[in-house]
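The lines below spell out each chain.
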Amino acid sequence: MHEAYGGVVPELASRVHQQNIIPVVDQAMKAANVIPSDISAVAFTRGPGLMGSLLVGSSFAKGFALSRNIPLIDINHLQGHVLVHFIKEKDKANRHPKFPFLCLLVSGGHTQIIVVKSYLEMEIIGQTIDDAAGEAFDKCAKVMGLPYPGGPMIDKLAKEGNANAFKFSKPLINDLDFSFSGLKTSFLYFLRDRVKENPEFIEHNKADLCASLQHSIVNILIEKLAKAAKLTGIKQIALAGGVSANSGLRQASKEEAEKRNWDLFVPEFKFTTDNAAMIAITGYFKYLIKEFASQDIAPLARMI
Ligand code: KG4
Ligand code: ZN
């Protein structure tokens, strides 16, 4: 639905949430082979995110909790991304990071380096001062005329391209913070100049453009992650968020881990982009310490 508009249209997103929330919950319960009376608590995303969509989820969760007389648990979406590393799956190795670990959280809205001290205690030690890494992928993809979301498409096309074909400007940002808006602008101007000379430039160089851009973004991320590991002395390193699905980032982090002796945790693909399991696992840890929400809790579009 969003593809037709080249991005997420908030009003449409909330309407579709409204249409789908009941059938989706119903289908999930059937797939899990549970009935409402088996459920001991309901966890929902409080934020950050689009207010209209958050309202649909929180209203549904409140109604469900009230009608079943079970606890309501509010979840920070970003905490959810980080805690995917503790999801236990049947017949899987289920290796989990030890506290404290560093998590590079890279999504469409956030780029952060987090020291994870315990299940629910996290400290952000670096973050983007402008665009998120996923946003950089999506915006540059749009400039090349690729469909939304551009990240997965760039990843796919990059596999056929030369990562050293083109060079784009590297941000000069202190400490452990990130910046991606300069890269986006340099990519845009570079294409504009080349297309002036040759209108077919993008079409003829798509794979090399994708590979070079991906290489630049991944380098920025890995460099700061390595700096954070060195500064904190932490060698338990995890990735999370939609951009952690990126094969270039997964590969580069593996190479870095070997070089620097890190114990690396990369989520399974299905737990990289937004998913309900990450909200459930965070809800589980809050349930254990009885950290419940009341019925008057409001969603928040922005959260730290
Ligand atoms: O975590 P997520 O599903 O939603 C947010 O919380 O934002 O992340 C979505 C972001 C989008 O920007 C999308 O382009 C990016 O993750 N993404 C990727 C890949 N798969 C998803 N970026 C690069 N390579 C991928 N394979
Ligand atoms: Zn997300």
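The structure displayed is predicted, hence computed values, not measured ones.

About the cut-offs
- Residues numbered from 1 in each chain as written.
- Chains lettered and ligands numbered in written order.
- Predicted model: local features only at pLDDT ≥ 70, side-chain atom pairs only at ≥ 80, totals over all residues.
- Heavy atoms only, no water.
- Donors = N, O, S within 2.8 Å, 3.2 Å for Na, K, Ca; no water.
- Helix = DSSP H or I, 4+ residues; strand = E, 2+ residues; numbered from the N terminus.
- Buried < 20%, exposed > 50% of the residue type's maximum accessible area, 1.4 Å probe, protein only.
- Disulfide = S-S within 2.5 Å.
- Core = buried A, V, L, I, M, F, W, Y, C linked by side-chain atoms within 4.5 Å.
- Contact = heavy atoms within 4.5 Å.
- Near = heavy atom within 4 Å.
- Polar contact = N/O pair within 3.5 Å; in protein donor to acceptor, adjacent residues only side chain to side chain.
- Nonpolar A, V, L, I, M, F, W, Y, C, P; charged D, E, K, R; others polar.
- Domains from an automatic or database assignment.
- Pairing = 2+ DSSP bridges.
- Axes fitted to C-alpha atoms, helices over the stretch in contact; angles between N-to-C directions.
- Salt bridge = Lys/Arg side-chain N within 4 Å of Asp/Glu carboxyl O.
- Phe/Tyr/Trp six-rings, centres within 6.5 Å; stacked < 30°, edge-to-face > 60°.

Engineer: Give a detailed account of the coordination of the zinc ion (ligand 2), specifying residues and quantitative values.
Structural biologist: At the metal site, the zinc ion (ligand 2) is ligated by His-77 (NE2), His-81 (NE2) and Asp-274 (OD), and these contacts range over 2.0 to 2.1 Å. Counting residues between consecutive donors of the zinc ion (ligand 2) along the chain gives the motif H-x3-H-x192-D. Taken together, the residues span a long stretch of sequence, with His-77 in helix α3 (residues 77-83) and Asp-274 in the loop between β7 (263-265) and α9 (276-288) at a distance of 197 residues. A relative accessible area of 15% means that His-77 is categorised as buried.

Engineer: Break down the state of the cysteines for me, with residues and values.
Structural biologist: Applying the stated criterion to the full structure yields zero disulfides. Just so you know, Cys-140 is unpaired, no disulfide at all, and the nearest cysteine sulfur is the one on Cys-210, 9.7 Å from it. For Cys-210, a relative accessible area of 0% translates into the label buried.

Engineer: Tell me about the nonpolar core, and please be specific about residues and values.
Structural biologist: Residues Leu-104, Met-144, Phe-180, Leu-209, Ile-217, Leu-221 and Leu-249 are the most contacted members of the largest nonpolar core, which totals 47 residues. Of all the secondary structure elements, the ones that give two or more residues to this core are β3 (101-106), β4 (111-118), α4 (133-143), α5 (150-158), α6 (181-197), α7 (201-232), β6 (236-240) and α8 (247-260). Among the elements that make up this core, the one with the highest residue count is α7 (15 residues). Discounting chain neighbours no more than four positions away, the residues touching Leu-104 are Gln-112, Ile-113, Phe-178, Leu-221, Leu-225, Ala-238, Leu-239, Ala-240 and Leu-249. The next biggest cluster of nonpolar side chains, apart from the first, holds 21 residues, and it includes Leu-83, Phe-101, Val-116 and Phe-285.

Engineer: Account for the site of ligand 1, with residues named and values stated.
Structural biologist: Near ligand 1, the surroundings consist of 18 residues, among which Gly-108, Asp-138, Asp-155, Asn-246 and Asp-274 are the closest. Gly-151 is positioned such that a nitrogen or oxygen atom in its backbone is 3.3 Å from an oxygen atom of ligand 1. Asp-274 places a main-chain nitrogen or oxygen 2.9 Å from an oxygen atom of ligand 1. Looking at the shell around ligand 1, the elements that each hand over two or more residues are α3, α4 and α5. Residues belonging to the shell around ligand 1 are distributed by class as follows: five nonpolar, ten polar and three charged. Split by domain, the shell around ligand 1 shows at least three residues from each of two domains, domain 1 (3-82 + 274-288) and domain 2 (95-271).

Engineer: If you had to explain the side chain of Ser-179 to someone new, which residues and values would you point to?
Structural biologist: Along the chain, Ser-179 falls in the loop between α5 and α6. Residue class for Ser-179 comes out buried when judged on its relative accessible area of 8%. Of the polar contacts made by the side chain of Ser-179, one reaches the side chain of Asp-130; its length is 2.7 Å. Not counting chain neighbours up to four residues away, the residues in contact with Ser-179 comprise Thr-128, Ile-129, Asp-130, Pro-171 and Ile-173.

Engineer: Describe in detail the sheet that holds β3, supporting the description with residues and values.
Structural biologist: Taken in spatial order, the five strands of this open sheet run β5-β4-β3-β6-β7, and their pairing is mixed. Only two strands of the sheet have a single partner each, and these edge strands are β5 (121-127) and β7. Going from strand to strand, the sheet's axes swing by 25 degrees on average, the running direction of each strand aside. Here six bridges tie β4 to β5, and the two strands are oriented antiparallel to one another. Residue pairing across strands places Ile-114 opposite Ile-124, the latter belonging to β5. Sitting on the sheet, α8 is in contact with β3, β6 and β7, with an inclination near 165 degrees to β7.

Engineer: Quick rundown of the pattern of salt bridges? Include the residues and the values.
Structural biologist: For the coordinates displayed, the defined rule picks out 18 salt bridges. Note that Lys-159 is salt-bridged to Asp-155, the shortest N-O span being 3.6 Å. Using a relative accessible area of 58% as the deciding quantity, one classes Lys-159 as exposed. The class of Asp-155 is buried, set by a relative accessible area of 9%. For Arg-192, the salt bridge identified is with Asp-193, shortest N-O distance 3.9 Å. Judged by its relative accessible area of 47%, Arg-192 is partly exposed. Residue classification places Asp-193 among the partly exposed residues on the basis of a relative accessible area of 38%.

Engineer: Pulling in residues and values, what's your account of the packing of aromatic side chains?
Structural biologist: Here the structure, examined in full by the defined rule, presents 16 aromatic pairs. Their ring planes at 75 degrees and their centres at 5.2 Å tell us that Phe-168 and Phe-187 sit as a pair that is edge-to-face. Of the two residues, Phe-168 is situated in the loop between α5 and α6 and Phe-187 in helix α6; the sequence distance between them amounts to 19 residues. An angle of 45 degrees between the planes, with centres 5.9 Å apart, marks the rings of Tyr-287 and Phe-292 as tilted. Residue class for Tyr-287 comes out partly exposed when judged on its relative accessible area of 33%. An aromatic cluster is defined as three or more aromatic residues linked by ring pairs; in this entry it consists of Phe-86, Phe-99, Phe-101, Tyr-119, Tyr-284 and Phe-285.

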